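Each chain is listed here by its residues.
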Amino acid sequence: MGAGGRMQVSPSPKKSETDTLKRVPCETPPFTVGELKKAIPPHCFKRSIPRSFSYLIWDIIIASCFYYVATSYFSLLPNPLSYVAWPLYWACQGCVLTGIWVIAHECGHHAFSDYQWLDDTVGLIFHSFLLVPYFSWKYSHRRHHSNTGSLERDEVFVPKKKSDIKWYGKYLNNPLGRTVMLTVQFTLGWPLYLAFNVSGRPYDGFACHFHPNAPIYNDRERLQIYISDAGILAVCYGLYRYAAAQGVASMICVYGVPLLIVNGFLVLITYLQHTHPSLPHYDSSEWDWLRGALATVDRDYGILNKVFHNITDTHVAHHLFSTMPHYHAMEATKAIKPILGDYYQFDGTPVFKAMWREAKECIYVEPDRQGEKKGVFWYNNKL
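Residues numbered from 1 in each chain as written. Predicted model: local features only at pLDDT ≥ 70, side-chain atom pairs only at ≥ 80, totals over all residues. Heavy atoms only, no water.

Glancing now at the overall build of the protein chain. Within the protein chain, the secondary structure is distributed over 15 helices and five strands. For the protein chain, whose C-alpha radius of gyration is 21 Å, the value lies close to the compact-globule estimate of 21 Å for 383 residues. Projected onto its principal axes, the C-alpha positions of the protein chain cover 65 × 50 × 45 Å. Burial status across the protein chain gives 52% buried among its 383 residues. If you take every contact in the protein chain between residues at least 6 apart in sequence, the share linking residues at least 24 apart comes to 72%. In the structure as shown, the protein chain presents an accessible area of about 18,100 Å², 64% of it carried by carbon and sulfur atoms. Once the 36 positive and 31 negative side-chain charges of the protein chain are each reduced to a mean point, those two points are 2 Å apart. (Helix = DSSP H or I, 4+ residues; strand = E, 2+ residues; numbered from the N terminus. Rg over C-alpha atoms; globule rule 2.2 N^0.38 Å. Buried < 20%, exposed > 50% of the residue type's maximum accessible area, 1.4 Å probe, protein only. Contact = heavy atoms within 4.5 Å. Areas by Shrake-Rupley, 256 points an atom, 1.4 Å probe, with all protein chains shown as cover. Lys, Arg positive; Asp, Glu negative; His and termini not counted. Charge placed at Lys NZ, Arg CZ, Asp CG, Glu CD.)

Structural data, given as structure tokens:
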């Protein structure tokens, strides 16, 4: 949910499924980042403190209203209605809190304001509230943006090569196996990534976002990892006090389940942004930053595009210009699409249909067999 005006951009013309799955170009683009930037109106790069806060405050108001209604009136409902009211609260609150998560993510990109200290303060507070170690993830996520599409250096959702598929992989390549894998991915994937680097790039040593000496970070960043951990501990203590006063069941219903939904949306959004049959990945012989940044796809989540501050349908522009505030990303996307041409990928397939298709089709990557670029890898599912 948002506040303030935002330019409305008509959705991309619907493509047939064949066009949607057609491979995007993997050659060096005939344009530069500078040319793309020149095509975007200059005001799109301006960050406004009042406007940024307006979106955050609006989300906080909506989340607070949901909390007030749930804690004040749900206990008065007869049992059949309460069984409907709580799931409705969980879904709505989870969506709004995902919007707050996105704004805190913008702070990590220095897209909230012109002041780094303000961005870090806001980001630390609201990511900590959602049990995200702000600085820890800020630095690993920055490396994701610096190495998108690289099989050796990207940080998250790095696809496996066929030779790296475990022996049991073929037994999971069926509807039941995919259901189990997707369930685990969307419920436990985010905490497993933060704690154990599951689905992340390999590191020498224990790669944990809560560990200041993890190989993810350099010496200049380690102190801020302690600050991130302190933020998480402070919120955990607050949750403990709430549970002691109101009961564990209340804490789970009011906070725990919506947080699971936030985590699930975060993994779903990221997964669908970087997993698509038409997108290439590159090894070190072919990778460069621009081609890597373009190896992403915009999706359509319907009304949730607005609730999630358009992180879903402007992700290509976000990877090209990550310090641009979200409220200008739609206008920027419209400006650069004519230049990007076939290098721009939009998929309007319904989200859950796309999720299932990608889980079925994108099992591993293998070198390009249709051309001479052996350093370009494409998804396949033949085990």
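Let us keep going from here.
As a further point, take the sheet that holds strand S1 (residues 281-282). Two pairing modes exist for strands in a sheet, parallel and antiparallel, and in both the strands are linked by backbone hydrogen bonds. Strand order across the open sheet formed by three strands is S1-S5-S4, with antiparallel pairing between neighbours. This sheet does not close on itself; its edge strands, each paired only once, are S1 and strand S4 (364-367). Pairing geometry for S4 and strand S5 (residues 376-380), over four bridges, is antiparallel. When the bridges of S5 are listed, Glu 366 appears paired with Trp 378. (Pairing = 2+ DSSP bridges.)

On the secondary structure map, Ser 48 appears in the loop between helix H2 (33-39) and helix H3 (49-73). Counting along the chain gives 63 residues from Ser 48 to Ala 111, while the straight-line C-alpha distance between them is 9.3 Å. Within the structure, Ser 48 has its side chain in polar contact with the backbone nitrogen of Arg 51 (distance 3.2 Å). (Polar contact = N/O pair within 3.5 Å; in protein donor to acceptor, adjacent residues only side chain to side chain.)

Attention now moves to the layout of surface pockets. In this structure, the second largest pocket occupies an estimated 360 Å³ of space. Across the lining of the second largest pocket, the residue classes break down as 14 nonpolar, three polar and no charged. (1 Å grid on protein atoms, 1.4 Å probe; cavity = no way out; pocket = protein on both sides within 12 Å on 5 of 7 lines; lining within 4 Å. Points joined across faces, edges and corners; volume = space filled by probe spheres on them. Nonpolar A, V, L, I, M, F, W, Y, C, P; charged D, E, K, R; others polar.)

Here we take up the UniProt feature "transmembrane region" (unreviewed entry) in the protein chain. The sites that carry the UniProt feature "transmembrane region" (unreviewed entry) are, in the present numbering, residues 55-76, 88-105, 117-137 and 252-272. Helix makes up 81% of residues 117-137 and strand 0%. Its end C-alpha atoms lie 17 Å apart. End C-alpha to end C-alpha, residues 252-272 measures 28 Å, and it is 100% helix and 0% strand. (UniProt positions renumbered as here; feature names shortened; annotations may be inferred.)

We now examine the nonpolar core. If you look at the biggest cluster of nonpolar residues, it comprises 59 residues, and the most contacted ones within it are Trp 101, Trp 190, Leu 268, Tyr 301 and Phe 308. Trp 101 has contacts with His 127, Leu 130, Val 132, Trp 137, Trp 190, Val 262 and Leu 266, leaving out every residue within four places of it along the chain. The next biggest cluster of nonpolar side chains, apart from the first, holds 18 residues, and it includes Leu 36, Met 324, Ala 332 and Leu 340. (Core = buried A, V, L, I, M, F, W, Y, C linked by side-chain atoms within 4.5 Å.)

What follows concerns the packing of aromatic side chains. Inspection of the entire model under this criterion finds 23 aromatic pairs. Their ring planes at 90° and their centres at 6.4 Å tell us that Phe 74 and Tyr 89 sit as a pair that is edge-to-face. Of the two residues, Phe 74 sits in the loop between H3 and helix H4 (79-108) while Tyr 89 sits in helix H4, which places them 15 residues apart along the sequence. The pair Phe 74 / Tyr 89 is uniform in exposure class, with both members buried. Aromatic ring contacts, followed pair by pair, group Phe 74, Trp 86, Tyr 89 and Trp 90 into a single cluster. Positioned over the ring face of Phe 45 is Lys 37, at 5.3 Å from the centre of the ring. (Phe/Tyr/Trp six-rings, centres within 6.5 Å; stacked < 30°, edge-to-face > 60°. Lys NZ or Arg CZ within 6 Å of the ring centre and 35° of its normal.)

Attention now moves to empty space enclosed by the protein. By the definition in use, this model includes four cavities of 30 Å³ or more. Taken as a whole, the largest cavity holds about 100 Å³ of empty space. Lining of the largest cavity is provided by 14 residues; of these, Glu 106, Thr 314, His 318, His 326 and Ala 329 occupy positions nearest its centre. Breaking the lining of the largest cavity down by element, the ones donating at least two residues are H4 and helix H13 (315-320). A class-by-class count of the residues in the lining of the largest cavity yields seven nonpolar, six polar and one charged.

It is worth spelling out a nonpolar patch on the surface at this point. Where nonpolar side chains cluster on the molecular surface, the patch consists of Tyr 67, Tyr 68, Val 69, Tyr 73 and Leu 76 and spans about 520 Å² of accessible area. Secondary-structure assignment places Tyr 73 in helix H3. Here Tyr 73 falls in the partly exposed class, since its relative accessible area comes to 43%. (Patch = residues over 30% accessible without salt bridge, like charges linked within 9 Å, V, L, I, M, F, W, Y side chains within 5 Å. Salt bridge = Lys/Arg side-chain N within 4 Å of Asp/Glu carboxyl O.)

A side chain with one charge can pair with a side chain of the opposite charge if their charged atoms come near. Under the defined criterion, the tally for this structure stands at eleven salt bridges. When the shortest N-O distance is used, the salt bridge between Lys 138 and Asp 120 registers 3.0 Å. Here Asp 120 lies in helix H5 (residues 116-129) and Lys 138 lies in helix H6 (residues 134-146), a separation of 18 residues in the sequence. The exposure classification of Lys 138 matches that of Asp 120, with both residues buried. Across the pair Arg 357 and Glu 358 runs a salt bridge, and its minimum N-O distance is 2.7 Å. Of the two residues, Arg 357 and Glu 358, both sit in the buried class.

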